[in-house]
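So you can see what is in the structure, the chains are spelled out below.
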Amino acid sequence: ESDRARISRELHDTVAQSMRYVSLLAEKISDTELALKKAKELDASKITLVGGSGGRLDHFLGILELYKQDFAPDLWLTEENAVYLLDATKNSKLSFNNFSLNEPVSIFPVFLHSSTDRKYCCRSKGLKWQLDNLDWNAGTVSLSNRRAENESTIELFAECGRFIVIVPIEKFLS
C-alpha cells in the first residue's frame, strides 16, 4: 500500500470516528444502544452484550434502561454475572442445571413504559422461594434466591411481562 493510500485511509478512519462520536452526542444515544439497534435492524435472532458494567454506576443503569426497549439484549455477560432476558412474548422460559445450594439467582421485573396497567407474572420450579404468587407490580424482587434442596434444576416461566434474571457468570460458562 502506498503512503498516500495509507494516509488517506487513516484520515478517513479518524474523520469517520469523529463524526460517529459527534453523531452519538447529538442524538444522545450510547454506543451500546446504537449497537443493539443495529443488531435488531439486521434481524439478529439472539443478541448478546459483552461487558459494559466496568464499575461505573451510570453506565450500568443506562444498560438496565435498555431492557425496556424492543432491542433489549437476550443475554448480557459481565465480569461477574450473566443477565438473561425473560419475556412473556419471547424467551419465556429459562432453565438452569447444576446450581449449588449457595449460588444466587435474582429476578427483577422490567417495567415497560406501555405496560403500567398489566399484571406481571413469573412462575418457577426448583427455587427455595417460589415466584408464583409474588406481586411484581408492587415492586417485589427476588434477590439472592437459591435452588431448593430437593431439586436439581431451576426453571423460570414468564407468563406476563418482562424480567431480568441474574446468575453468576460461571453458570453461563458451564
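Visitor: Mind laying out the overall build of the protein, listing which residues take part and the relevant values?
Guide: Helix and strand content of the protein: four helices and nine strands. Taken from N to C terminus, the helices and strands of the protein fall in the order α-α-β-α-β-β-β-β-β-β-β-β-α. For the protein, buried positions account for 36% of its 174 residues. Long-range pairs, those at least 24 residues apart, make up 70% of the contacts in the protein with a sequence separation of at least 6. Accessible area for the protein stands at about 10800 Å²; split by element, carbon and sulfur atoms hold 53% of it.

Visitor: Explain the pairing of strand β6 (residues 121–125) residue by residue, including any values.
Guide: Residue alternation in β6 divides its side chains into a buried set, C122 and S124, and an unburied set, C121, R123 and K125. Pairing between β6 and strand β8 (residues 153–160): five bridges, direction antiparallel. Its bridge partner being in β8, R123 is matched across the sheet by F157.

Visitor: An account of the sheet that holds strand β1 (residues 48–50) is needed here, citing residue identities and associated values.
Guide: Taken in spatial order, the six strands line up as β1-β2-β3-β9-β5-β7 in an open sheet, and their pairing is mixed. Among the strands making up the open sheet, the edge pair consists of β1 and β7 (142–145). Taken over all neighbouring pairs, the strand axes of this sheet differ in orientation by 15° on average, direction set aside. Taken together, the three bridges between strand β2 (residues 75–77) and strand β3 (residues 81–87) define a ladder with antiparallel strand orientation. Residue pairing for β3: L77 is matched across the bridge by A82.

Visitor: Lay out the environment of S30 with the relevant residues and their values.
Guide: Along the polypeptide, S30 turns up in the loop between α1 (3–27) and α2 (31–41). Sequence-wise, S30 and H59 are 29 residues apart; in three dimensions their C-alpha atoms are separated by 9.4 Å. A polar side-chain atom of S30 sits 3.0 Å from the main-chain amide nitrogen of E33.

Visitor: Talk me through the layout of surface pockets; I want residue IDs and the actual numbers.
Guide: Each pocket or cavity is described by its volume, and for the largest pocket that value is around 220 Å³. Around the largest pocket sit S30, D31, T32, E33, G52, D58, H59, G62, I63 and L66, which together line it. Among the elements of the structure, α2 and α3 (57–66) are those that each provide at least two residues to the lining of the largest pocket. Residue contributions to the lining of the largest pocket peak at five residues, all from α3. Taken as a whole, the second largest pocket holds about 190 Å³ of empty space. Every residue along the wall of the second largest pocket is listed here: F60, L61, L64, E65, Y67, K68, F108, P109, V110, I164 and I166. Where the lining of the second largest pocket is concerned, the elements lending two or more residues are α3, β5 (105–110) and β9 (162–168). In terms of residue count, α3 provides more of the lining of the second largest pocket than any other element does, four residues in total.

Visitor: Lay out the pattern of salt bridges with the relevant residues and their values.
Guide: Oppositely charged side chains can pair when the atoms bearing their charge come close. Throughout the structure, instances matching the rule amount to ten salt bridges. Taking the shortest distance from any N to any O, the salt bridge between D87 and R162 comes out at 2.7 Å. With a gap of 75 residues between them, D87 in strand β3 and R162 in strand β9 connect regions that are remote in the sequence. The burial state of D87 is the same as that of R162; both residues are buried.

Criteria and thresholds
Residues numbered from 1 in each chain as written. Predicted model: local features only at pLDDT ≥ 70, side-chain atom pairs only at ≥ 80, totals over all residues. Heavy atoms only, no water. Helix = DSSP H or I, 4+ residues; strand = E, 2+ residues; numbered from the N terminus. Buried < 20%, exposed > 50% of the residue type's maximum accessible area, 1.4 Å probe, protein only. Contact = heavy atoms within 4.5 Å. Areas by Shrake-Rupley, 256 points an atom, 1.4 Å probe, with all protein chains shown as cover. Pairing = 2+ DSSP bridges. Axes fitted to C-alpha atoms, helices over the stretch in contact; angles between N-to-C directions. Polar contact = N/O pair within 3.5 Å; in protein donor to acceptor, adjacent residues only side chain to side chain. 1 Å grid on protein atoms, 1.4 Å probe; cavity = no way out; pocket = protein on both sides within 12 Å on 5 of 7 lines; lining within 4 Å. Points joined across faces, edges and corners; volume = space filled by probe spheres on them. Salt bridge = Lys/Arg side-chain N within 4 Å of Asp/Glu carboxyl O.

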